[in-house]
Amino acid sequence: MHRMAFPVLWRKWIKECVTTTTASILVNGSPIDEFPLKRGLRQRDPISPFLFLLATEGLNVMMDSAVENNLFTSYGVGAVSSVVVSHLQFADDTLLLCTKSWANVRALRAVLTLFAKMSGLKVNFHKSLLVGINIGESWLSEAASILNCKVGKIPSCILVSRLVVILEG
């Protein structure tokens, strides 16, 4: 948040919200003394999606830059006046959309690796999926191997906490 020029007071407020959280559990129906939480945010904390989006703004900027510099070919939606979409983010889900090419696979790998190094955040490739539309299984398997993720099926619902890359042939 410092690099994004958030005011010092605002950053202190957010840090206070995140670092001073305590919890208590019930033992035989009675609460025990409160204890501080050492890592991360509480589950369902309302500030969590907002902080995630702030943290991943760097990925947004990097993806936009890759598209602008023709390093990554995004996906066009619509026949007339198509909208170009390279990535979508909601809560803790990220969806990357592109056309089938080895250049796109290499660019994605480079962007995600650079993002991880710069932000300190790590992409959980074990939970990530590569989904193809009209693309052969062998190509998808090889691309998934390069991206260090699994080949997935077209999801019928929103996937939670996953990076999904969709390639269109």
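Residues numbered from 1 in each chain as written. Predicted model: local features only at pLDDT ≥ 70, side-chain atom pairs only at ≥ 80, totals over all residues. Heavy atoms only, no water.

## Some remarks on the nonpolar core
So, point 1. In terms of nonpolar packing, the biggest core is built from 22 residues, with Met63, Phe72, Leu108 and Leu130 touching the most fellow members.
So, point 2. Residue assignment for this core shows that the elements contributing at least two residues are helix H3 (57-68), strand S8 (93-99), helix H4 (102-119) and helix H5 (137-147).
So, point 3. The element contributing the most residues to this core is H4, with 6 residues.
So, point 4. Not counting residues within four places of it along the chain, the set of residues in contact with phenylalanine 72 comprises Met63, Ala66, Val67, Ser86, Leu97, Cys98, Asn104, Ala107 and Leu108. (Core = buried A, V, L, I, M, F, W, Y, C linked by side-chain atoms within 4.5 Å. Buried < 20%, exposed > 50% of the residue type's maximum accessible area, 1.4 Å probe, protein only. Helix = DSSP H or I, 4+ residues; strand = E, 2+ residues; numbered from the N terminus. Contact = heavy atoms within 4.5 Å.)

## Describing the packing of H3 against H4
The relative placement of two packed helices comes down to the angle between their axes together with the axis-to-axis distance.
So, point 1. In the contact formed by H3 and H4, the axes pass within 10 Å of each other and the chain directions differ by 150°. Considering how the two elements wind past one another, H3 and H4 form a crossing that is right-handed. Contacts between H3 and H4 involve Gly58, Leu59, Met62, Met63 and Ala66 from the former and Leu108, Val111, Leu112, Leu114, Phe115 and Met118 from the latter.
So, point 2. Along the lines of polarity and charge, the residues of the contact of H3 with H4 split into 10 nonpolar, 1 polar and no charged. (Axes fitted to C-alpha atoms, helices over the stretch in contact; angles between N-to-C directions. Left-handed = near helix turned anticlockwise from the far one by under 90°. Nonpolar A, V, L, I, M, F, W, Y, C, P; charged D, E, K, R; others polar.)

## A closer look at the pairing of S8
So, point 1. Burial analysis of S8 places 5 of its 7 residues in the buried class, which makes it a mostly covered element.
So, point 2. The sheet contact formed by strand S7 (residues 87-90) and S8 spans 4 bridges and is antiparallel. Residue glutamine 89 lies in a different strand from S8, and its bridge partner there is threonine 94. (Pairing = 2+ DSSP bridges.)

## Comments concerning a nonpolar patch on the surface
So, point 1. Taken together, the side chains of Ile25, Val27, Ile32 and Phe35 make up a nonpolar region of the molecular surface, amounting to roughly 310 Å² of accessible area.
So, point 2. Relative to the helices and strands, isoleucine 32 resides in the loop between strand S3 (30-31) and strand S4 (35-36). (Patch = residues over 30% accessible without salt bridge, like charges linked within 9 Å, V, L, I, M, F, W, Y side chains within 5 Å. Areas by Shrake-Rupley, 256 points an atom, 1.4 Å probe, with all protein chains shown as cover. Salt bridge = Lys/Arg side-chain N within 4 Å of Asp/Glu carboxyl O.)

## Details of the packing of H4 against H5
So, point 1. Running from amino to carboxyl end, H4 crosses H5 at an angle of 20°, the nearest separation of the two axes being 9 Å. Put simply, H4 runs roughly parallel to H5. The handedness of the crossing between H4 and H5 comes out as right-handed. Facing Trp102, Val105, Leu108 and Arg109 of H4, the residues of H5 in contact are Trp139, Glu142, Ala143, Ile146 and Leu147.
So, point 2. Its residues assigned to classes, the contact of H4 with H5 shows 7 nonpolar, no polar and 2 charged. (Parallel < 35°, antiparallel > 145°, perpendicular 65-115°, else oblique.)

## Examining unusual backbone geometry
So, point 1. Its identity as a non-glycine residue notwithstanding, asparagine 70 has a phi of 55°, on the positive side.
So, point 2. Among the structural elements, asparagine 70 can be located in the loop between H3 and strand S5 (75-77).
So, point 3. Its relative accessible area of 68% is what places asparagine 70 among the exposed residues.
So, point 4. One non-glycine residue with positive phi stands out, namely asparagine 148, at about 60°.
So, point 5. Its place among the elements puts asparagine 148 in the loop between H5 and strand S10 (150-151).
So, point 6. Note on asparagine 148: relative accessible area 43%, which makes it partly exposed.

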